[in-house]
Amino acid sequence: MFDWNDLRYFLELQRSGRLLTAAQRLKTTHATVARHIEAIEKSLGTALFVQHAQGYELTPAGEALLKHAEAMENVALLAEDELTHSAAPLGKIRLGVAEGLGVMFLAGRMGGLFERYPGLEVELVAVPRFVSILNREAEISIHLERPSVDQLVTRKLTDYRLALYASRAYLDRHPPIEKREDLAAHAWIDYVDDLLFSQELKFLSSFCRNPRVVFHSTSVIAQHQAARSGLGIAVLPCFMAAGDPALVPLLPGEGIARSYWISSRRELHKSVRLRVLWDYVVELCAREQGLLLGEPH
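What comes next concerns the included structure. Per-chain numbering applies: the sequence of each chain, read as written, is numbered from 1 onward. Per-residue local features of the predicted model are confined to residues with pLDDT of at least 70, and side-chain atom pairs are confined, for both listing and counting, to 80 or more; whole-chain, interface and lining totals are unaffected and use all residues. To get the side-chain values, all heavy atoms of the structure are used, and hydrogens and water are removed first.

**Concerning the sheet that holds strand β8 (residues 212–216)**
And then number 1: Judged by pairing direction, the sheet is mixed, and its 8 strands sit side by side in the order β4-β3-β5-β10-β6-β9-β7-β8 without closing on themselves. Where the open sheet ends on each side, the last strands, each with one partner, are β4 (120–127) and β8. Strand after strand, the sheet turns through a mean of 30 degrees between neighbouring axes, direction not considered.
And then number 2: Strands qualify as paired when DSSP identifies two bridges or more between them. Counting from the N terminus, the helices are the DSSP runs of H or I reaching at least four residues and the strands are the DSSP runs of E reaching at least two. The sheet contact formed by strand β3 (residues 91–98) and β4 spans 8 bridges and is parallel. Paired with R94 across the two strands is E123, which belongs to β4. Between the N-to-C directions of two axes lies an angle of 0 to 180 degrees, each axis being a line fitted to C-alpha atoms and, for a helix, fitted only over the stretch in contact.

**Some words on the environment of S148**
And then number 1: When you line up the elements, S148 lands in the loop between β5 (140–143) and β6 (152–167).
And then number 2: Categorising residues by exposure relies on relative accessible area from a 1.4 Å probe, with only protein chains included: less than 20% of the type maximum marks a residue as buried, more than 50% marks it as exposed, and the intermediate range marks it as partly exposed. We classify S148 as exposed; its relative accessible area is 75%.

**Observations regarding the pairing of β5**
And then number 1: Along β5, one buried face is formed by I140 and I142 and the opposite face, lined by S141 and H143, is buried too.
And then number 2: Of the pairings in the sheet, the one linking β3 to β5 comprises 3 bridges and is parallel in character. Note that in β5 the partner of G96 across the bridge is S141.
And then number 3: The pairing of β5 with strand β10 (residues 247–265) spans 4 bridges and is classified as antiparallel. Note that in β10 the partner of I140 across the bridge is S264.

**Some details on the nonpolar core**
And then number 1: Among the nonpolar cores identified, the biggest contains 61 residues, and L101, L106, I142, L164, W188, I233 and V281 are the most heavily contacted of them.
And then number 2: The element that contributes the greatest number of residues to this core is helix α10 (residues 272–287), accounting for 9 residues.
And then number 3: Contacts are residue-level and defined by heavy atoms, with any inter-residue pair within 4.5 Å sufficient. Once residues lying within four places of it in the same chain are set aside, the contact partners of L164 are L183, W188, F207, I233, A234, V235, V248, P249, L250 and L251.
And then number 4: Throughout this description, the term nonpolar core refers to a set of buried Ala, Val, Leu, Ile, Met, Phe, Trp, Tyr and Cys residues connected via side-chain atoms within 4.5 Å. Among the nonpolar cores identified, the runner-up in size contains 19 residues, and Y9, A22, F49 and L65 belong to it.

**Observations concerning the packing of aromatic side chains**
And then number 1: Ring pairs are drawn from Phe, Tyr and Trp, using the six-membered ring of Trp, whenever the two centres fall within 6.5 Å, and their geometry is named by plane angle: stacked under 30 degrees, edge-to-face over 60, tilted for the rest. For the coordinates displayed, the defined rule picks out 5 aromatic pairs.
And then number 2: Measuring from ring centre to ring centre gives 6.1 Å for F49 and Y56, while their planes differ by 85 degrees; the resulting arrangement is edge-to-face.
And then number 3: In this structure F49 comes out as buried when scored by relative accessible area, which is 8%.
And then number 4: Chaining the aromatic ring pairs together yields one cluster made of F105, Y160, F239 and Y260.

Just distances and angles here, no functional claims.
Below you can see the structure in the form of structure tokens.
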């Protein structure tokens, strides 16, 4: 029988796909990771990985071991929470979230969580892409679309609103905008079409049939900065732009409603530290509904 401790190395190599990355995450050397993988393979008498130019992929035997290794890891995490964190949740929890919400909304509003649970450590993965829970990139993930995966517990986190914004300097140099038809004469800021990670971000055509886009970015933060600098009109979440003195809202009656969804793995949803962060984010969004929906102060 192999050493159960070896499964940590097996799981990390499966998730990262590379020995060096797995070693960095485990704070060890790539030779140590390889040695633990070889030990499991020798004990089981079969190869668990195949190495390609792109990295390591599981063999059928590796796939069979994966579900059992993940189940054991989940049991260990739940036991750790129950035995050590029930009174005062401690330890690390990772939240994956779309860049705009993570950077411009959540990051500046986490203080209340740490006041309640000073032993908690949160890793906020705020990136312009989908963060996968199933691949263990995060324990909680906030999506632009509702995931349709049985292994996940999912609920709507909040609705939010996007509207049109431009800088005063831009508006002073261009024709006035009094109605939707006026938008066709203006420069626009948008996402990079072929790099969209969600169709929920494809909303420019809702405002202008043939927009003249002068600046594209995969990052809504970059779009926000481009609008502030006067490059053109941007469609931005109200929670990012409504309070920005450098931006002017355009056509107040025109806007788009979207939703965020929050998910975790079903078997981890009873974890104390996971629920502490989950409940805090849900409560925070409920408390800040006015800001998220772009309602006037």
